[in-house]
Amino acid sequence: MAKQVKTIGVLTSGGDAPGMNAAIRAVVRTAISKGMKVKGIMRGYAGLLQEEIVDMSSTDVSNIIFRGGTILYTARCMEFYEASYREKAFHNAKEIGLDGLVVIGGDGSYRGAGYLSELGLPCIGVPGTIDNDIASTEYTIGYDTAMNTVVECVDKLNNTCQSHERCSVVEVMGRHAGHIALNTGIATGAVQIITEEIPTPIDDVVENIKKIRESGKDHFIVIVSEGYGNPVEIATQIQEKTGIDSRATILGHVQRGGNPTLKDRVNATRMGYYAVKLLEEGKTNRVVALQQGNLVDYDIQEALRMKKPLDMDLYNM
Ligand code: F6P
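Residues numbered from 1 in each chain as written. Predicted model: local features only at pLDDT ≥ 70, side-chain atom pairs only at ≥ 80, totals over all residues. Heavy atoms only, no water.

### Focus on the overall build of the protein
In step 1: Counting its regular elements, the protein contains 11 helices and 11 strands.
In step 2: Taking 20 Å as the expected radius of gyration for a compact globule of 317 residues, we find that the protein reaches 22 Å, a close match to that expectation.
In step 3: Along the first, second and third principal axes, the C-alpha set of the protein runs to 70 × 35 × 35 Å.
In step 4: Expressed as a percentage of the 317 residues in the protein, the buried residues total 52%. (Helix = DSSP H or I, 4+ residues; strand = E, 2+ residues; numbered from the N terminus. Rg over C-alpha atoms; globule rule 2.2 N^0.38 Å. Buried < 20%, exposed > 50% of the residue type's maximum accessible area, 1.4 Å probe, protein only.)

Below, the structure written as structure tokens:
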């Protein structure tokens, strides 16, 4: 029989993502409803090392389901690359009586959870990143909100582009993954989507724009994923080679903020709930994932080995 889980911790780690608060809320309230105590670890793994830990009640997570960011703060903890620090974190977790830990974050955060599980602290990862670059799951918390933010911004750029008959080159986030670029490019009617996975040469981009201009179009949106290259250089080249007045816009961290969409709130809530259930069942070293609308879970190392290529059908379309 699984050891009774009396106290669990929850932390957010890596880049923040809208919906993380909804996940924290779900973890806290599910655990409390099952008679567990919950401790909030501040600033990701750094909080575990520096013992920045707070008791969390049901009311502590009131009025956060609609808020972007993370009430627990977040950080990328470089010390976790060293075994001695991971052992210290494990020791601290045991000192405060943690029987389990829910880690909300991306691949890097999963690695940390894997190490702590190995040391003997049951950990469950919940996918939280706007990039949707976690291969084990079709969907990550924050992805939908970030893409809707991009669409809203690019629609605005499109208005001014049309008035001035310009080309707007827009850089979107995604680190080394082009999922945001691909989907927002489709949703905004971009004439070209450039990602690290499909690094279209600038001359092909120029030829494409020229061809589209011949068909009568007078303004153009090009979406570039941040891993590809400098959007200012791309805009300059387009202007020089086509004569079309061009501007570059880097959307940047605006994509990480804002109230989470319904989709992010509901999925984050489902995932937080599921993570606590896994801990209650005595599971460890697992990550929560969404596959064809259903919640499933995988071994952390297996999840980290998976690959998530860009959807080429979508790209070709
Ligand atoms: O992983 C989320 C993300 O926003 C990436 O899209 C981006 O490359 C990175 O984080 C930016 O990190 P930082 O907030 O540290 O600048």
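### Considerations on the layout of surface pockets
In step 1: Taken as a whole, the largest pocket holds about 890 Å³ of empty space.
In step 2: Secondary structure elements with two or more residues in the lining of the largest pocket: helix H4 (107-119) and helix H10 (300-305).
In step 3: Approximately 160 Å³ is the volume attributed to the second largest pocket.
In step 4: Lining the second largest pocket we find Leu-182, Ile-186, Ala-190, Val-191, Gln-192, Ile-193, Asn-208, Leu-314, Tyr-315, Asn-316 and Met-317.
In step 5: Broken down by secondary-structure element, the contributors of at least two residues to the lining of the second largest pocket are helix H6 (179-187), strand E7 (192-194) and helix H11 (312-316). (1 Å grid on protein atoms, 1.4 Å probe; cavity = no way out; pocket = protein on both sides within 12 Å on 5 of 7 lines; lining within 4 Å. Points joined across faces, edges and corners; volume = space filled by probe spheres on them.)

### Structural notes on the sheet that holds strand E2 (residues 37-41)
In step 1: Ordered by their spatial adjacency, seven strands build an open sheet running E3-E2-E1-E4-E5-E10-E11, and the pairing between neighbours is mixed. One side of each edge strand has no neighbouring strand; the edge strands of this open sheet are strand E3 (53-56) and strand E11 (294-299). Mean inter-strand twist for the sheet, computed between neighbouring axes without regard to direction, equals 30 degrees.
In step 2: When E2 meets E3, the two strands line up antiparallel, connected through four bridges. In the strand pairing of E3, Gly-40 is matched with Val-54.
In step 3: Its contacts with the sheet place H4 against strand E4 (100-105), strand E5 (123-127) and strand E10 (286-291), and it is angled at close to 170 degrees to E5. (Pairing = 2+ DSSP bridges. Axes fitted to C-alpha atoms, helices over the stretch in contact; angles between N-to-C directions. Contact = heavy atoms within 4.5 Å.)

### Looking at the site of the ligand
In step 1: Every residue near the ligand is listed here: Arg-76, Thr-129, Ile-130, Asp-131, Met-173, Gly-174, Arg-175, Glu-226, His-253 and Arg-256.
In step 2: The side chain of Glu-226 places a nitrogen or oxygen atom 2.6 Å from an oxygen atom of the ligand.
In step 3: Protein burial of the ligand: of its 390 Å² of free accessible surface, 75% is covered by the chains.
In step 4: For the shell around the ligand, the class distribution of residues is two nonpolar, three polar and five charged. (Near = heavy atom within 4 Å. Polar contact = N/O pair within 3.5 Å; in protein donor to acceptor, adjacent residues only side chain to side chain. Areas by Shrake-Rupley, 256 points an atom, 1.4 Å probe, with all protein chains shown as cover. Nonpolar A, V, L, I, M, F, W, Y, C, P; charged D, E, K, R; others polar.)

### As for the pairing of E5
In step 1: Of all five residues in E5, five are buried, a share of seventy percent or more.
In step 2: Residues Cys-123, Gly-125 and Pro-127 point to one face of E5 and Ile-124 and Val-126 to the other, with burial holding for every one of them.
In step 3: By the bridge criterion, five bridges tie E4 to E5 in an arrangement that is parallel. The residue bridging Val-102 from the neighbouring strand is Ile-124, located in E5.
In step 4: Viewed along the sheet, the connection from E4 through H4 into E5 turns out right-handed.
In step 5: Of the pairings in the sheet, the one linking E5 to E10 comprises two bridges and is parallel in character. (Right-handed = clockwise from strand over helix to strand, strands pointing away.)

### Some details on H4
In step 1: Taking 1.5 Å of rise per residue, 13 residues should cover 18 Å, and H4 covers 19 Å from first to last C-alpha, within 8% of that figure.
In step 2: Among all positions in H4, only Ser-109, Tyr-110, Gly-112, Ala-113, Gly-114, Leu-116 and Ser-117 are buried.
In step 3: Those residues of H4 that are buried are in contact with helix H2 (45-49), helix H3 (83-95), E4, E5, E10 and H10.
In step 4: Just downstream of H4 lies Gly-120, where phi reads positive at about 120 degrees. (Expected span 1.5 Å × (residues − 1).)

### Notes on the side chain of Ser-225
In step 1: Turning to its location among the elements, Ser-225 is positioned in strand E8 (residues 220-225).
In step 2: Excluding residues that lie within four positions of it along the chain, Ser-225 makes contacts with Glu-171, Val-172, Ala-177, Gly-178, Ala-181, Ile-194 and Thr-195.

### Some points on the packing of helix H5 (residues 143-164) against H6
In step 1: Direction vectors running N to C along H5 and H6 enclose 45 degrees, while the axes themselves pass 10 Å from each other. One finds that H5 runs oblique with respect to H6. The crossing of H5 and H6 is right-handed. Contact residues: H5 offers Tyr-143, Met-147, Val-150 and Val-151, while H6 offers His-179, Ile-180, Asn-183, Thr-184 and Ala-187.
In step 2: Its residues assigned to classes, the contact of H5 with H6 comprises six nonpolar, three polar and no charged. (Parallel < 35°, antiparallel > 145°, perpendicular 65-115°, else oblique. Left-handed = near helix turned anticlockwise from the far one by under 90°.)

### Describing unusual backbone geometry
In step 1: Even without glycine at this site, Glu-165 takes up a positive phi of about 55 degrees.
In step 2: Note that Glu-165 resides in the loop between H5 and strand E6 (167-172).
In step 3: Phi at Gln-292 is positive, roughly 50 degrees, even though this residue is not glycine.
In step 4: Locating Gln-292 in the fold gives a position in the loop between E10 and E11.
In step 5: Classification of Gln-292 as exposed rests on a relative accessible area of 71%.

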